[in-house]
Amino acid sequence: EGKLKEYFCADDTHLGFVLYDCPNGCSAGACRPARSASWQPYFIFQTMHGNGPYDAMSYAQFESDVTLTSGIDLRAKNIIADAFMCNGNCTYEVTISDDSGKSLGTAKVSSTNFRQLQVTFASPVILERNKPYHIWQKVTSTKAVSIYTMGNFGSLHPDIQLSLNYARSDGQDFTDRGSISFWLNGDSK
């Protein structure tokens, strides 16, 4: 593993070969290129909206947790809930934690009559590639907050996999609706 064997004609009847080290692994018969050492700005990841009859609803409270695993390194700066109406005072809370449950970043915002519920982390949250991370989200309102949920859809990005851990409102299980739909903004490398 991590080696590429290239064959050549040593003479008319014998083959020779050269072994190359591939520090980034191999893919499709070639060494993978080195990952960028610097962060590339303006990475935006968006989840899908579900297309079921309950994937655009209003709640007094809705909470969800997904596991995100990325094939690229990410630096999350902010997350935006896919919400489309706030009646009363609305709050959006997000925690990103590693697979052991250690919190890596927490943010909270409250708003009335918003256009967007966006949380910005005090410092960017580093999500290393091929490691699972939990994104816990909760929206609450003194009256009602209208959100989109993911349904049975997941990621729009080929390098990011999402799996639902739970989704619930007022003590009821709504896993069929999926997580709160969201945008993750930051950098990648």
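Residues numbered from 1 in each chain as written. Predicted model: local features only at pLDDT ≥ 70, side-chain atom pairs only at ≥ 80, totals over all residues. Heavy atoms only, no water.

Undergrad: I keep staring at the overall build of the chain and nothing clicks. Help me out?
TA: The helix and strand inventory of the chain stands at 0 helices and 15 strands. At 22 Å, the chain has a C-alpha radius of gyration far larger than the 16 Å of a compact globule built from 189 residues. Principal axes of the C-alpha set define a box for the chain whose edges measure 80 × 35 × 30 Å. Sorting the 189 residues of the chain into buried and exposed places 40% on the buried side. Once local pairs closer than 6 in sequence are excluded, the contacts in the chain between residues at least 24 apart make up 77%. For the chain, the accessible area works out to roughly 10400 Å², and carbon and sulfur atoms hold 49% of it. (Helix = DSSP H or I, 4+ residues; strand = E, 2+ residues; numbered from the N terminus. Rg over C-alpha atoms; globule rule 2.2 N^0.38 Å. Buried < 20%, exposed > 50% of the residue type's maximum accessible area, 1.4 Å probe, protein only. Contact = heavy atoms within 4.5 Å. Areas by Shrake-Rupley, 256 points an atom, 1.4 Å probe, with all protein chains shown as cover.)

Undergrad: In this structure, what is going on with the sheet that holds strand β15 (residues 182-188)? I would like to understand it.
TA: Picture the strands of a sheet paired through backbone hydrogen bonds; they go either parallel or antiparallel. Read across the open sheet, the 4 strands follow the order β5-β15-β7-β11; overall the sheet is antiparallel. Looking at strand neighbours, the two that pair on one side only are β5 (40-46) and β11 (117-127), the edges of this open sheet. If you compare each strand with its neighbour and ignore which way they point, the axes differ by 20° on average. Where strand β7 (residues 74-81) meets β15, 7 bridges bridge the pair, whose relative direction is antiparallel. Looking across to β15, one finds that I80 is bridged to W183. (Pairing = 2+ DSSP bridges. Axes fitted to C-alpha atoms, helices over the stretch in contact; angles between N-to-C directions.)

Undergrad: Honestly, the side chain of K138 in this entry has me stumped. Any pointers?
TA: Within the secondary structure, K138 is located in strand β12 (residues 132-148). One buried charged residue, K138, remains without a salt bridge, the closest side chain of opposite sign being E63 at 4.7 Å. For K138, the contacting residues outside a window of four places in its chain are Q61, F62, E63, T91, Y92, E93 and I180. (Lys, Arg positive; Asp, Glu negative; His and termini not counted. Salt bridge = Lys/Arg side-chain N within 4 Å of Asp/Glu carboxyl O.)

Undergrad: Which parts of the structure should I look at to understand the confidence of the model for the chain?
TA: A low pLDDT score tells you not to read the predicted coordinates there in detail. For the chain, per-residue confidence averages 87 on the pLDDT scale, and 95% of positions sit at 70 or higher. Element-level pLDDT for the chain is lowest in strand β3 (residues 26-27), with a mean of 74, against a maximum mean of 95 in strand β9 (residues 89-98). (pLDDT = per-residue confidence, 0-100.)

Undergrad: Is there a simple way to think about the pairing of β7 in this case?
TA: Two faces make up the sheet, and in a regular strand the side chains alternate between them. Extensive coverage of β7 is indicated by the burial of 6 of its 8 residues. The pairing of β7 with β11 spans 7 bridges and is antiparallel. Along β11, the bridge assignment pairs A81 with L117.

Undergrad: Mind showing me how you'd approach the environment of T95 here?
TA: Turning to its location among the elements, T95 is positioned in strand β9. Classification of T95 by relative accessible area gives buried; the value is 17%. Considering only alpha carbons, one finds T95 and A81, 14 residues apart in sequence, at a separation of 13 Å. Residues in contact with T95, not counting those within four places in the same chain, are S103, G105, T106, H134, I135 and W136.

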